[in-house]
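Each chain, written out:
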Amino acid sequence: MQVVVAKDGDESGNPFTPKGYLIRYWNKHVSNDLPKPWFLLNKASPLNAAQYATYTKLVADQNAFTTHLQSFCSSANLMCALDLLPSLEKHKGDVHFVSYGDKNFTNYGTKESGLGFNSFKNYTEEENFPVNSFRRYGRDSPHDNQFDNYGAPGGNTPVQSFNSYSTNTPGGSGQFTNYAPGSNVPDLHFTSYSDHGTGGEQDFKSYGNDGNAGQQSFKSYGKDGNGADSQFTTYGNNTNVDGSDFTNYGEAANGENQNFTSYGFNGNNPASSFNNYGVGGNGPSEAFNSYRDQSNVGDDTFTTYVKDANGGEANFTNYGQSFNEGTDVFTTYGKGGNDPHINFKTYGVNNTFKDYVKDTATFSNYHNKTSQDLASLSEVNGGKKVNNRWIEPGKFFREKMLKSGTIMPMPDIKDKMPKRSFLPRAIAAKLPFSTSKIDELKKIFHAANDSQVAKMIGDALSECERAPSPGETKQCVNSAEDMIDFATSVLGRNVVVRTTENTNGSKGNIMIGSIKGINGGKVTKSVSCHQTLYPSLLYYCHSVPKVRVYEADILDPNSKAKINHGVAICHVDTSSWGPRHGAFVALGSGPGKIEVCHWIFENDMTWATAD
């Protein structure tokens, strides 16, 4: 949507807001009179003139500024951790919450007597960057407990911890349905689930599935339980570049039937660690169906499975049948057990398996090379094309596809980053921005040392300070004025910035309509800017040599109606790319042998000299 504004001000005509200043800056530093790029200018800070003046003065004194952080983050549309105090509310009797959030919850249904039923449907619904904790749920209580959702599905950068669920329960069953599914860059911690329980059935259905990046940890599930059957259905399935740590499952349990269905299924480059499963149990029936099946590379360790168990039966169906070889280490399986019946059906990938009970353990399959490696290779264009599920169809394509009438898949180009605005340059320039000043930054943004906010800041600074690749010119920009300066320093003042108009056509087939090559379709210079996760809007901008840029109408392949206007960039020189780059996995061939094209995603952009 194009917003009409006064020539020298924002929508209200005020020239003293950050947006008014940015519009004047554009007029001064860009030499052409082409239509303004409102998709960029609307990312200016939303502060009004009075707020802008106040916070510009405050930022000079960082101690004063940090005491106003929450109001500043809210007014300036930043992503900052909330300063939440523990909630001391106590709820007696049978309690049925429908929705609750934005608090560090202390006690829910603790030490209830008699039979009853507690249900909690939603905690933290549809929040952007929720920060909260849940300390105790159903502790020392025989009530049946049910928790439907903790952490909104699809939440952005949640920082959430759940300390204990149904601990020390004398009977009573528990069901936990969803814990932060589909989260973007989660930082999730679950300390204790149904530890020291007697009787009752426990069912945990989903923890952190479909997550993107981030860290997850689960410390203890069913430890020291007595006669309680437990089922854990899925943990971290379908995650992208996720770090997961599961410490104890069913440790020292007495006579329990344990069933863990899936851990890290279909993950992309996961870093997973599972430390103890059923260690020291007495007569349990253990089943672990799938660990990291069909994942793509990654680094994984599984330390102990039913070690020192007394009797019982343990079955492990599948470990690490990876799509591409990762680093898998399985250390101890059934070691020290007293007459256990051990079965291990499939262990994939040629890596390390140590210390298993050789006399009673049965292995059905051990693959030095995974079946997927052998079956999915096919000759394409003189190279090898691998049908890797993690290379989304249409994410990379050849230049010949950009012809009117071509039908092709389009990847999901939706922006999954939290919604943020640029800092005004006058404020951004006064805040530290380097790894040498990270302690100051963490103090300013109230980020504890081990928090997700601290990790987010550190990762962004490290990427910004990374040495450029061969032929690359790069700079991180946290103000729109800095972006304009970088683009014009590379391309000159007669520039145009473009982005794909909307997300229509994502994850489906599209038809290419009319198409135009920028600068006559010749090899040209461009500057591309990609979002980076940071409290304020931050872009990684870079110029790489030898590209061609295109604009194309995107049509519905059935009705032929225009649904989008896309911008695509084709990298003519790929000689410096790594041989395992996803483009070569998807398209075949290798570095320097083919050109590679991709769409400009929502809220990313590319600059070029005006035609």
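Residues numbered from 1 in each chain as written. Predicted model: local features only at pLDDT ≥ 70, side-chain atom pairs only at ≥ 80, totals over all residues. Heavy atoms only, no water.

Named according to an unreviewed UniProt entry, the chain is BURP domain-containing protein originating from Solanum lycopersicum.

**Some points on unusual backbone geometry**
Positive phi is not limited to glycine here, since N77 has a value of about 60°. Note that N77 resides in the loop between helix 5 (69-76) and strand 1 (86-87). For K546, which is not glycine, the phi dihedral falls at a positive 55°. Following the sequence through the fold, K546 ends up in the loop between strand 30 (538-543) and strand 31 (547-555). (Helix = DSSP H or I, 4+ residues; strand = E, 2+ residues; numbered from the N terminus.)

**A look at the pairing of strand 27 (residues 495-498)**
Taking every second residue as pointing to the same face, both faces of strand 27 are buried, with V495 and V497 on one and V496 and R498 on the other. Looking at chain direction, strand 27 and strand 34 (residues 605-609) are connected through four bridges and run antiparallel. Following the sheet pairing, V495 is matched in strand 34 by T609. (Buried < 20%, exposed > 50% of the residue type's maximum accessible area, 1.4 Å probe, protein only. Pairing = 2+ DSSP bridges.)

**Here's the deal with helix 3 (residues 49-58)**
Looking at helix 3, one finds that the buried residues are Y52, Y55, T56 and L58. The arc that holds every buried residue of helix 3, seen down its axis, measures 160°, which confines them to one face. Exposed and oriented more than 90 degrees from the buried face of helix 3 are A50 and K57. Where helix 3 begins, the capping side chain belongs to N48, and its oxygen is found 3.1 Å from the backbone nitrogen of A50. (Arc of directions from axis to C-beta. Polar contact = N/O pair within 3.5 Å; in protein donor to acceptor, adjacent residues only side chain to side chain.)

**What to know about the pattern of salt bridges**
Tallied over the full model, the rule gives 14 salt bridges. The shortest N-O distance in the salt bridge between R548 and E399 comes to 2.7 Å. Here R548 is found in strand 31, whereas its partner E399 is found in the loop between strand 24 (383-386) and strand 25 (407-410), with 149 residues between them in sequence. The partner of K562 in a salt bridge is D553, with the nearest N and O atoms 3.3 Å apart. On the accessibility criterion, K562 (49% relative accessible area) is partly exposed. Through salt bridges that share partners, R425, D482 and D485 make up one connected network. (Salt bridge = Lys/Arg side-chain N within 4 Å of Asp/Glu carboxyl O.)

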